[in-house]
Amino acid sequence: MHPRSFLKNSFTKLMNTSAAPLYRIFKIKRRFLPDARIPILTYHKITDIDFGVDAFWNVPPSLFARHMACLAAEGFKVLALHELYDCISMKAEIPRDSVVLTFDDGYANVFRYAYPVLKEYGFPATIFLTGDYSGGKNLYWWDREVAERRPDLYEDVRVLNWDEIKEMQSSKLITFGSHSMSHQHLGQLPRPRIEYELRQSRAYLEKRLNQPVRFFAYPGGIRAYGDISEETDLLLVESGYQLACTSETGRNSLRDNLYALKRIGMGRNDSPSLFRAKLIGGYDWVKWPQRAFHGMFKNPW
Ligand SMILES: [Zn+2]
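Summary of the structure given here.

1. Some details on the coordination of the zinc ion
Reasoning step 1: For the zinc ion, every protein donor is listed as Asp 105 (OD), His 179 (NE2) and His 183 (NE2), and the spread of their distances is 2.1 Å.
Reasoning step 2: All donors to the zinc ion come from one chain, and their sequence spacing reads D-x73-H-x3-H. Taken together, the residues span a long stretch of sequence, with Asp 105 in the loop between β3 (98-104) and α4 (108-121) and His 179 in the loop between β5 (174-178) and α8 (191-209) at a distance of 74 residues.
Reasoning step 3: Among the residues examined, Asp 105 registers a relative accessible area of 4% and is labelled buried.

Here is the structure:
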């Protein structure tokens, strides 16, 4: 196993072992200290696939259902991303114990496995689509590797087609944002290309969806890896977006920058107890070792 994956997996195992006491400590802390920070969860593929460069981020359908059951059991209020936008932009109070659900890359497995569960609970979510991939037959490069090794898994790695997107759109439960055109490290691209990735994806998705696309999620989403730069910060606003999600770890408060919202990545090792701990801030400190980690290893993407 690559040292990067080894360290990442070992760290998550350590987190899992400490999740239950961590959850209890943070639960007590919450009782005495008001905590208005809201987690935005990031899911990618909802699948049982346990190999490939992105396997860490694959969440099995059964585990996803347990995560959602946890939210319902703990009484969490699932807000749509536009509701969080309204709270932050108007500095209105964020409802207590709320959470936002997002899915990056626009996978068909989200329609197949996550959407029925979201409907069952009435939980809204945002799916970030890429212009060049959505609705087409092309696979992301990391999924091509999986499909070449196991052609029978094509259905689990393909992206959403427009029928699936339209069906979810008509439910009003799912909204769509942009994840750029071609899923590159935006901060490393020349200015005209960044403009294209931002503007063209928005225009294309608005035309296909026939509704405004207001929100963006950075591919990669880590500043230290060159996914975000001062130039992308600027161009994002100029391109007409109202909000952007990164992949920097943490929860968000009313004071936070709407164009650099933090999120919490969900993966196959997120047991229900670790999931619960992450929701209430037990994972916020991870941003520090994560920064060191980003400095130690080069980005595999
Ligand atoms: Zn992505």
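2. Some remarks on the pairing of strand β1 (residues 40-43)
Reasoning step 1: Residues Ile 40 and Thr 42 line one face of β1 and the alternating positions Leu 41 and Tyr 43 line the opposite face, and both faces are buried.
Reasoning step 2: One ladder, built from 2 bridges, connects β1 with strand β8 (residues 261-265); its direction is parallel. Of the residues in β8, the one forming a bridge with Thr 42 is Gly 265.

3. Quick look at the pattern of salt bridges
Reasoning step 1: Per the counting criterion, the structure on display carries 22 salt bridges.
Reasoning step 2: Between Glu 197 and Arg 193 there is a salt bridge whose closest N-O contact spans 2.7 Å. Taken together, the residues Glu 197 and Arg 193, both in helix α8 and 4 residues apart, mark about one turn of the helix.
Reasoning step 3: The salt bridge partner of Asp 284 is Arg 251, with a shortest N-O separation of 2.9 Å. Remark: Arg 251 occurs in the loop between β7 (243-249) and β8 and Asp 284 occurs in the loop between α10 (272-279) and α11 (287-296); sequence separation between them is 33 residues.
Reasoning step 4: Residues joined by salt bridges that share partners form a network here, namely Arg 30, Asp 35, Arg 37, Asp 97, Arg 251 and Asp 284.

4. Quick notes on the nonpolar core
Reasoning step 1: With 64 residues, the main nonpolar core has Tyr 43, Phe 64, Leu 71, Leu 101 and Phe 103 as its most contacted residues.
Reasoning step 2: Looking at which element gives the most residues to this core, the answer is α4, with 6 residues.
Reasoning step 3: Filtering out sequence-adjacent residues up to four positions away, Tyr 43 remains in contact with Val 59, Phe 64, His 67, Met 68, Leu 101, Thr 102, Phe 103, Asp 104, Met 266 and Phe 275.
Reasoning step 4: Formed by 17 residues, the second largest nonpolar core is a distinct cluster that contains Ile 38, Tyr 85, Cys 245 and Leu 261.

5. Focus: the packing of helix α1 (residues 3-32) against α10
Reasoning step 1: Relative orientation of the contacting elements α1 and α10 amounts to 65°, with a least axis distance of 8 Å. Taken together, α1 and α10 sit at an angle that is classed as roughly perpendicular. Two packed elements cross with a definite hand, and for α1 against α10 that hand is left-handed. When α1 is examined against α10, the residues Thr 12, Met 15, Asn 16, Ala 19 and Tyr 23 are found in contact with a partner set consisting of Ser 273, Leu 274, Arg 276 and Ala 277.
Reasoning step 2: Residue composition of the contact of α1 with α10, by class: 5 nonpolar, 3 polar and 1 charged.

6. Some words on helix α5 (residues 141-149)
Reasoning step 1: By the burial criterion, the buried members of α5 are Trp 142, Asp 143, Val 146 and Ala 147. Along the axis of α5, the buried residues cluster in a sector spanning 135°; they form a single face. More than 90 degrees from the buried face of α5, the exposed residues found are Glu 148 and Arg 149.
Reasoning step 2: Packing partners of the buried residues in α5 comprise α6 (154-157).

7. Digging into unusual backbone geometry
Reasoning step 1: Positive phi values are uncommon outside glycine, yet Lys 91 reaches one of about 50°.
Reasoning step 2: Topologically, Lys 91 is positioned in the loop between α3 (81-89) and β3.
Reasoning step 3: Located in the positive-phi region is Asn 210, a residue other than glycine, with phi close to 60°.

8. Structural notes on the side chain of Arg 263
Reasoning step 1: Position of Arg 263 relative to the elements: it lies in strand β8.
Reasoning step 2: For Arg 263, a relative accessible area of 1% puts it in the buried group.
Reasoning step 3: Of the polar contacts made by the side chain of Arg 263, one reaches the side chain of Thr 42; its length is 3.3 Å.
Reasoning step 4: Among the polar contacts made by the side chain of Arg 263, one reaches the side chain of Thr 102 at a distance of 3.0 Å.
Reasoning step 5: Residues within four places of Arg 263 in sequence aside, it is in contact with Ile 40, Thr 42, Thr 102, Asp 104, Phe 128, Ala 217, Cys 245, Thr 246, Ser 247, Glu 248, Thr 249 and Gly 250.

9. Quick notes on the environment of Leu 160
Reasoning step 1: Residue position: Leu 160 is located in the loop between α6 and α7 (162-170).
Reasoning step 2: Separated by 53 residues in sequence, Leu 160 and Tyr 107 have C-alpha atoms that sit 5.2 Å apart.
Reasoning step 3: Residue contacts for Leu 160: discarding those within four places in its chain leaves Gly 106, Tyr 107, Ala 108, Phe 111, Ile 127, Leu 129, Ser 134, Gly 135, Ile 165 and Met 168.

Cut-offs applied
- Residues numbered from 1 in each chain as written.
- Predicted model: local features only at pLDDT ≥ 70, side-chain atom pairs only at ≥ 80, totals over all residues.
- Heavy atoms only, no water.
- Donors = N, O, S within 2.8 Å, 3.2 Å for Na, K, Ca; no water.
- Helix = DSSP H or I, 4+ residues; strand = E, 2+ residues; numbered from the N terminus.
- Buried < 20%, exposed > 50% of the residue type's maximum accessible area, 1.4 Å probe, protein only.
- Pairing = 2+ DSSP bridges.
- Salt bridge = Lys/Arg side-chain N within 4 Å of Asp/Glu carboxyl O.
- Core = buried A, V, L, I, M, F, W, Y, C linked by side-chain atoms within 4.5 Å.
- Contact = heavy atoms within 4.5 Å.
- Axes fitted to C-alpha atoms, helices over the stretch in contact; angles between N-to-C directions.
- Parallel < 35°, antiparallel > 145°, perpendicular 65-115°, else oblique.
- Left-handed = near helix turned anticlockwise from the far one by under 90°.
- Nonpolar A, V, L, I, M, F, W, Y, C, P; charged D, E, K, R; others polar.
- Arc of directions from axis to C-beta.
- Polar contact = N/O pair within 3.5 Å; in protein donor to acceptor, adjacent residues only side chain to side chain.

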